[in-house]
Amino acid sequence: MTDDERLPQPATADIDLVTVLHALGDPVRMRLLLSYADGAEHSCDPRSLGLDHLHKSTVSHHMRVLREAGVTTTRVAGRNRFVSLRRTDLDARFPGLLDALLASAGASAGAGAGAAVPVPA
């Protein structure tokens, strides 16, 4: 895969912890992180991400913040965009960070019957 098939993103060495944590400080972006944690590529369709109550432009904004922070990578295929988690890069930069965040978010989601990461309307 060539670089021109990916939207701009920071190099692994340029991923900054404060920027990553700031990006993940939003409930919608934490919800996206949980979706992307399965290791697969995901389309940008808000319905497939469980965010159909948000405007498409709002979801795009959240995806851009995650990509620019170095949390995700976006592959371009014609008019389509496919997003995936940069787990290898993040684990290399900050060992254990993703596992801790995902465990914490998963514990929060399981705190009550049917509870989920809160997502503002």
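Here goes a summary of the coordinates provided.

Calculation notes
- Residues numbered from 1 in each chain as written.
- Predicted model: local features only at pLDDT ≥ 70, side-chain atom pairs only at ≥ 80, totals over all residues.
- Heavy atoms only, no water.
- Salt bridge = Lys/Arg side-chain N within 4 Å of Asp/Glu carboxyl O.
- Helix = DSSP H or I, 4+ residues; strand = E, 2+ residues; numbered from the N terminus.
- Buried < 20%, exposed > 50% of the residue type's maximum accessible area, 1.4 Å probe, protein only.
- Pairing = 2+ DSSP bridges.
- Polar contact = N/O pair within 3.5 Å; in protein donor to acceptor, adjacent residues only side chain to side chain.

**Structural notes on the pattern of salt bridges**
Logical step 1: Tallied over the entire structure, the rule returns 6 salt bridges.
Logical step 2: When the shortest N-O distance is used, the salt bridge between R75 and E41 registers 2.8 Å. Here R75, found in strand β2 (residues 72-77), pairs with E41, found in the loop between α2 (27-36) and β1 (42-43); they are 34 residues apart in sequence, far enough to count as distant.
Logical step 3: Residue classification places E41 among the partly exposed residues on the basis of a relative accessible area of 36%.
Logical step 4: Across the pair D89 and R86 runs a salt bridge, and its minimum N-O distance is 2.9 Å.
Logical step 5: Residue R86 is classed as buried on the basis of its relative accessible area of 6%.
Logical step 6: Shared partners join several salt bridges into a network, and the residues in it are R87, D91 and D99.

**Some words on the pairing of β2**
Logical step 1: Strand direction decides the pairing type here: β2 and strand β3 (residues 80-85), joined by 6 bridges, are antiparallel. Bridge pairing in β3 places V76 opposite R81.
Logical step 2: In sequence, β2 turns back onto β3 through a hairpin of 2 residues, with G78 there showing a positive phi of about 65 degrees.

**Quick notes on α2**
Logical step 1: The buried count for α2 comes to 7 of 10 residues, which makes it a mostly enclosed element.
Logical step 2: Regarding α2, the residues found buried are V28, R29, M30, L32, L33, S35 and Y36.
Logical step 3: For α2, the N-terminal cap is D26; the gap from its side-chain oxygen to the backbone nitrogen of V28 is 2.8 Å.

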